Amino acid sequence: MTVSIVVPLYNEEENITILHSSLTKTLKTIQGDYEIIYIDDGSTDNTLTLLEEIQKGDSNVVVLSLRRNFGQTAAFAAGFDFARGDVVITMDGDMQNDPEDIPRLLEAIENHDLVSGWRKNRKDTFLTRRLPSMIANWLISRVTGVRLHDYGCSLKAYRREVVKNLRLYGEMHRFIPAVASWYGVRIKEIETVHHPRLRGKSKYGISRTIKVLLDLITVKFLQSFSTKPIQFFGPMGVLFGLMGFIISLYLSIEKILMGVAIGGRPMLLLGALLIIVGVQFIGMGLLGEMIVRVYHESQKKPIYTIKKILSSS
Ligand code: UDP
Ligand code: MG
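A quick note: this is a predicted structure, and the numbers were derived from the prediction, not measured. Positions within a chain are numbered from 1, following the residues in the order the chain's sequence is written. Chain letters and ligand numbers both follow the written order, the letters beginning at A and the numbers at 1. Where totals are concerned, whole chains, interfaces and linings use all residues; where local detail is concerned, this predicted model gives features only for residues with pLDDT of at least 70, and gives and counts side-chain atom pairs only at 80 or more. Remark: hydrogens and water are excluded; side-chain values derive from all non-hydrogen atoms of the structure.

Numbering of helices and strands starts at the N terminus; helices are DSSP runs of H or I of at least 4 residues and strands are runs of E of at least 2. Here Lys 164 shows up in helix H6 (residues 160-165). In this structure, the C-alpha to C-alpha distance between Lys 164 and Phe 80, residues 84 residues apart in sequence, is 6.7 Å. Any two residues whose heavy atoms approach within 4.5 Å at even a single point are treated as in contact. Apart from the residues within four sequence positions on either side, Lys 164 is in contact with Phe 80, Asp 81, Phe 82 and Ala 83. A 3.5 Å cut-off defines polar contacts: any pair of N or O atoms within that distance qualifies, except that in protein one atom must be a possible hydrogen donor and the other a possible acceptor, and neighbouring residues in sequence count only when both atoms are side-chain atoms. In this structure the side chain of Lys 164 is engaged in a polar contact, spanning 2.9 Å, whose partner is the backbone oxygen of Ala 83.

Grid points spaced at 1 Å over the protein atoms alone were grouped into cavities, where a 1.4 Å probe fits but cannot get out, and pockets, open sets with protein on both sides within 12 Å along at least five of seven lines, with lining residues defined by an atom within 4 Å of a point. Grid points are joined across faces, edges and corners, and a volume is the space filled by probe spheres set on the points. The computed volume of the largest pocket comes to approximately 1300 Å³. In this classification, the charged set is Asp, Glu, Lys and Arg, the nonpolar set is Ala, Val, Leu, Ile, Met, Phe, Trp, Tyr, Cys and Pro, and all remaining amino acids, among them Gly, are polar. In the lining of the largest pocket, the residues fall into 21 nonpolar, nine polar and eight charged. The volume enclosed by the second largest pocket comes to roughly 920 Å³. Going through the elements one at a time, strand E1 (3-9), helix H3 (72-82), helix H5 (126-144) and helix H8 (208-225) are the ones with two or more residues in the lining of the second largest pocket. Here the lining of the second largest pocket is composed, by residue class, of twelve nonpolar, 19 polar and 15 charged.

A word on the environment of Ile 217. Summarising the element assignment, Ile 217 is placed in helix H8. Separated by 124 residues in the primary sequence, Ile 217 and Gly 93 have C-alpha atoms spaced 29 Å apart.

Unoccupied space between atoms shows up once a probe the size of one water molecule is rolled over them. Under the definition given, this model contains one cavity of 30 Å³ or more. Approximately 50 Å³ is the volume found for the largest cavity. Phe 76, Thr 90, Tyr 151, Gly 152, Cys 153, Ser 154, Lys 156, Tyr 158, His 173, Arg 174 and Ile 176 together form the lining of the largest cavity. The residue inventory of the lining of the largest cavity, partitioned by class, reads five nonpolar, four polar and two charged.

This is the structure:
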């Protein structure tokens, strides 16, 4: 088995050298080949210079230098595209994850497609990091149905097929288990060690909570309706349209049969609004249906994933 380690780095000059030696120490003990892919995500400090030196002295190292800071998700995506291993392991480059957990991840991946780390004793501040993260993990688990204690842990192992099929956008790396669950992957969570950040600065703050919430809406929508958008927009459209129709009908009867003036009635406005909104929703659903077809048919992407084929021919 060959293993690819994918590590995104953004201004981690103080960590990179120590990280590399502790990673190498652990990787020498595992069976089979390995490669370490360091992705310099447009660092403005000495990270890239240090990486160049490390690469010169170690043929197991691949360095990808991104042209600017694209963010952690893009850095992971670049690593996934270049990874050659049968198993791909991601981790942070700030020494908060422990390379010594890697052998346990490799053991667990034997019978699973995705193994996710769980920072049970997480060493970050409570109010700004651990509490929002607890709420987020609970919410993501409930909404997506993929129950994990710790979505945010970067230390994860994947089988090659999983990462090669993944398409990541925005800051979706936190949602990989939920996204991958669409493919029907077998997921396991194992406890991993977590250290406080001793050197360098964290790149995230409390502001990402709201972003995570919005991303969750996207993930849930894609998970449930990506091949049938009209089933999402349609029912709302029908409901609103019907309510608008009933209101308008009622007003029409009053006007025509009883001669009541309806020009100044708020209900008239509501009825018209509901009909327009209803038509809009159904129109959006139909547009969605066309987009789904263009997406799948132009790229020959199937709407299913096959695990095994049993056939005698
Ligand atoms: N990182 C990156 N690009 C970015 C932000 C972060 O490659 O735009 C890397 C960073 O260098 C680190 C990892 O992603 O290796 C996790 O970042 P950080 O430690 O700041 O996140 P935290 O642990 O505080 O959630
Ligand atoms: Mg960190």
